[in-house]
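Examining the three-dimensional arrangement
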Amino acid sequence: MEPLPLKDFVRALDPASLPRVLRVCSGVYFQGSIYEISGNECCLSTGDLIKVTQVCLQKVICENLKMNEIMELSPNFQGHFSPLTSSQSYGTIEELITAVTQSSKPLPIFFMSTYSITIKSRVVPEDQPLLLEAVEMHLGTCCARCVLSTDTQQVALRLPLSQKGLFWIWEPGIPRTLLQAVQDPALRDRPVTCPTLPWSSLFLKPQYEIHAIMQMRRTIVKIPSTLEVDVEDVTASSQHIHFIQPLLLSEVLARRGPFPLPMEILEVPEGPRIFLSPWAGCLRQGQRLWIYGQASPPWRVLASSKGRKMPRHFIISGAYQGKLRRRPREFSTAYDLLSALKPGQPLRVVATKDYEGDEEENPELTSLAVGDRLEVFGSGQACGAQGKDIDVLVCQRLSDRAEEEESEEDQERILLPVNFPGSFVEEMNDGRRYSLADLTDQFSLPCEVKVVAKDTSYPADPLASFLGLRLEEKITEPFLVVSLDSEPRMCFEIPPRWLDLTVVEAEEQPGQPAEPPPLAAVEELTEAFYYQLRKLSACESQPPPPRPPKRQSPSGQKRQNIKKGGIKSTPVLGLEQHPLLPKPKMKTSKDSSNVYSMFLAHKNLTPTKPVTRDSDKEDHEYEEIRERLQKTI
């Protein structure tokens, strides 16, 4: 096949013959961009191979040569088009008459010229239909007698048979839709008419968008048909050519099979390391992989080691089979106790540090000694120094006697400032061994545990070597199960969202594994990436900020003053009922809310009536201050 301009090849292309392989014979470079403009390819090199997979009609340019005007039509244009001429053109009037005589068509007939004709100071416009009535001799010259119809009159013309030009027999055809008109080879470069358009004749010039595959291009290449490049169809001689199309791991995940897939790494994303595991150093260009599909279950747990100066950070798969035992949590401030308090889960702690309450600020702020047992109830407010309210943590001091023997007199209220820098250890009596799935279902995170039994399917499990682990949070993220072709027994999980390798399908080698080898259920993370994950999950789970309160008039503002030692109860931070938490089993017959409200009655502390300040007086306090200042001066 001879090289053709790209627009001519696409115009003559039969969509049923796709895909077609083209070779670029003369490249093109568009100075506006090295790669593409508006998503379309505009730079092709000589010798490039293009595998055309789809051709989409973008728009149709209607051109009126007589008025030198153009108009754009969308592919869904509803008008109909009819051809104005036959498919055969003639160079002279004599050739046209000879063809009519041979076809046995009777005269008169209509014909038209592509170019204007000047006869005796009269101009016949181009594309103007003429009626050919007969052939006769005029002044010794054989002429064609024609009639030109205008809006006001009919003019008789005699055109010599030797008149040169480009003549067409005018034969209005069957109306066609826009798509039919541009796809009909017989209407190519022929004038047509459309009743819904203002022009009597026009030419249709469609513009297409070509979807193609190119070597080492990850996405479908979109090429406009107007690109000035010559191409050659080499489909017949290119059956052995395989177009390499790179993929991202995120695209492999979206394809969902079939698995396992042999892949080869083309590119590793730049940036700091994410995993500290041994397989992370093997991910380099040219490394072959086996991808076994999406890991199950899709959730993971972020954890940090305890008991060392430099903690280590891990991400634990939901398939982890080790056994864990709960450890008492440690709290360094009263605010940490308040944050750890969950609805339906009683929280009891033991003080590990002495604390002396500030009686000048509030006599209700009790002192603590090492070994004091407390039960946390919630937050509140107490009247501090200079009449200012301070946030406090409301607790109950527990005696060493059995819980059934405690009376109301033995229940002592404890008020601790929220910013109290104390030290507490959770009181716990739970010796059960949990799986990771059971632990995260029954208890809220964060939670401190000790691995008491390794995962038998993962001999290199490092978690059992630590004195304790802090399970920070549970995340849900799709991972791909991958193994190295050079190390078949090294199987691990890669998150495409954070480590999106560029890969390409490789040829299958003998000895294809049917199932993945044992999986590494624990991966160590770098410290920077660990805190990046914590920050990311915190931003995703954080609710939007509340709307600002409506502005109130000074007369509607009220301020409540509580007697010294009085408490104003406020909701506990984050007390939302979790659907997975079991219903708590209380050993005592008294509800904690009753005990909490009993403190006020036991200490004879009842909130005073709110004192309403005069709004007019508040508005003019600055005048009294100014008068006193002037007297002082």
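As the structure is a prediction and not an experimental result, all values here were calculated from the model.

Let's talk about the overall build of the protein chain
- Counting its secondary structure elements, the protein chain contains ten helices and 38 strands.
- Total accessible area on the protein chain is roughly 36,700 Å²; 51% of this is exposed by carbon and sulfur atoms.

A closer look at the sheet that holds strand β9 (residues 109–113)
- Sheet architecture is open: six strands sit in the order β8-β15-β9-β12-β13-β14, paired in antiparallel fashion. Strands with a single pairing partner mark the edges of an open sheet, and in this sheet they are β8 (89–92) and β14 (154–160). Shown here is a sheet whose adjacent strand axes are inclined to one another by a mean of 45 degrees, direction ignored.
- For strand β12 (residues 130–138) and strand β13 (residues 141–149), the ladder comprises eight bridges, and the chain directions are antiparallel. Counted as the bridge partner of leucine 132 is cysteine 146 from β13.
- Contacts from helix α2 (residues 93–102) reach β8, β9, β12, β13, β14 and β15 (164–169) within the one sheet, and its direction differs from that of β8 by about 130 degrees.

Observations regarding the sheet that holds strand β37 (residues 522–525)
- Here we have six strands laid out as an open sheet, ordered β25-β32-β33-β23-β24-β37, and antiparallel in their pairing. One side of each edge strand has no neighbouring strand; the edge strands of this open sheet are β25 (323–326) and β37. Going from strand to strand, the sheet's axes swing by 40 degrees on average, the running direction of each strand aside.
- Relative to strand β24 (residues 313–317), strand β23 (residues 299–306) is paired through five bridges, and the arrangement is antiparallel. Among the inter-strand pairings, serine 304 is bridged to a residue of β24, identified as histidine 313.

Overview of the pairing of β24
- The buried fraction of β24 is high, at five of five residues.
- Burial of the side chains of β24 extends over both faces: His313, Ile315 and Ser317 are buried on one face and Phe314 and Ile316 on the other.
- In terms of strand pairing, β24 meets β37 through four bridges, oriented antiparallel. Paired with isoleucine 315 across the bridge in β37 is glutamate 523.

As for the packing of aromatic side chains
- In this structure the tally under the stated criterion is nine aromatic pairs.
- On the numbers, 5.9 Å between centres and 50 degrees between planes, the contact of phenylalanine 77 with phenylalanine 81 is tilted.
- Since its relative accessible area comes to 0%, phenylalanine 81 is described here as buried.
- Pairing phenylalanine 275 with tryptophan 279 gives two aromatic rings, centres 5.1 Å apart and planes at 45 degrees, and the pair type is tilted.
- An aromatic cluster of at least three residues, connected via ring pairs, comprises Phe275, Trp279 and Phe492.
- One Lys or Arg, arginine 326, reaches over the ring of phenylalanine 443 and ends 4.0 Å from the middle of that ring.
- A cation over an aromatic ring shows up here: lysine 474 above the ring of tryptophan 299, its NZ or CZ 4.3 Å from the ring centre.

Some thoughts on the environment of threonine 440
- Its location among the elements puts threonine 440 in helix α6 (residues 436–442).
- Measuring from C-alpha to C-alpha, the distance between threonine 440 and lysine 474 comes to 7.9 Å, with 34 residues separating the pair along the chain.
- If near-sequence neighbours (up to four positions away) are discounted, threonine 440 is found in contact with Trp299, Val301, Leu445 and Lys474.
- Only 3.0 Å separates the side chain of threonine 440 from the backbone oxygen of alanine 437, close enough to count as a polar contact.

Details of the confidence of the model for the protein chain
- With 76% of its residues at a pLDDT of 70 or more, the protein chain shows a mean pLDDT of 77.
- Confidence, expressed as mean pLDDT per element, reaches its minimum in the protein chain at helix α8 (residues 592–602) with 43 and its maximum at β24 with 93.
- Note that residues 30–38 has pLDDT below 50 and, in this model, 15 contacts with residues that lie over four places away or in other chains.
- In the model, residues 557–622 has pLDDT below 50 throughout and makes 88 contacts with residues more than four positions away in sequence or in other chains.

What about the environment of isoleucine 220?
- Considering the arrangement of structural elements, one finds isoleucine 220 in the loop between β17 (203–213) and β18 (221–224).
- Distance from isoleucine 220 to threonine 53, taken between C-alpha atoms, is 9.3 Å for residues 167 residues apart in sequence.
- Those residues in contact with isoleucine 220 that sit more than four places away from it in its chain are His211, Ala212, Ile213 and Gln245.

Considering the pattern of salt bridges
- For the coordinates displayed, the defined rule picks out 24 salt bridges.
- A salt bridge links arginine 20 to aspartate 233, with the nearest nitrogen and oxygen atoms 2.8 Å apart. Separated by 213 residues along the polypeptide, arginine 20 in strand β2 (residues 20–26) and aspartate 233 in strand β19 (residues 230–233) bring together distant segments of the chain.
- Overall, arginine 20 belongs to the partly exposed group, its relative accessible area being 23%.

Remarks on unusual backbone geometry
- Of the consecutive residues leucine 107 and proline 108, the connecting peptide bond is found in the cis state with omega at 5 degrees.
- Omega for the bond connecting leucine 445 with proline 446 falls within 30 degrees of zero, at 10 degrees, which places this linkage in the cis form.
- As for its position among the elements, proline 446 is in the loop between α6 and β32 (447–453).
- In this structure, leucine 139 takes a positive phi of about 60 degrees despite not being glycine.
- Tracing the chain through its elements places leucine 139 in the loop between β12 and β13.

Focus on the nonpolar core
- Leu283, Ile291, Ile494, Leu501, Val503 and Leu525 are the most contacted members of the largest nonpolar core, which totals 35 residues.
- When residues of this core are traced back to their parent elements, those giving at least two are α4 (249–255), β21 (261–267), β22 (288–294), β34 (480–484), β35 (491–494) and α7 (527–541).
- If we ignore the near neighbours within four places in the chain, the residues touching valine 503 are Pro246, Leu247, Leu249, Val252, Met263, Glu264, Ile265 and Leu266.
- One finds Val60, Cys62, Leu204 and Val229 within the second-largest nonpolar core, a separate group that totals 34 residues.

Definitions and limits used
Residues numbered from 1 in each chain as written. Predicted model: local features only at pLDDT ≥ 70, side-chain atom pairs only at ≥ 80, totals over all residues. Heavy atoms only, no water. Helix = DSSP H or I, 4+ residues; strand = E, 2+ residues; numbered from the N terminus. Areas by Shrake-Rupley, 256 points an atom, 1.4 Å probe, with all protein chains shown as cover. Pairing = 2+ DSSP bridges. Axes fitted to C-alpha atoms, helices over the stretch in contact; angles between N-to-C directions. Contact = heavy atoms within 4.5 Å. Buried < 20%, exposed > 50% of the residue type's maximum accessible area, 1.4 Å probe, protein only. Phe/Tyr/Trp six-rings, centres within 6.5 Å; stacked < 30°, edge-to-face > 60°. Lys NZ or Arg CZ within 6 Å of the ring centre and 35° of its normal. Polar contact = N/O pair within 3.5 Å; in protein donor to acceptor, adjacent residues only side chain to side chain. pLDDT = per-residue confidence, 0-100. Salt bridge = Lys/Arg side-chain N within 4 Å of Asp/Glu carboxyl O. Core = buried A, V, L, I, M, F, W, Y, C linked by side-chain atoms within 4.5 Å.

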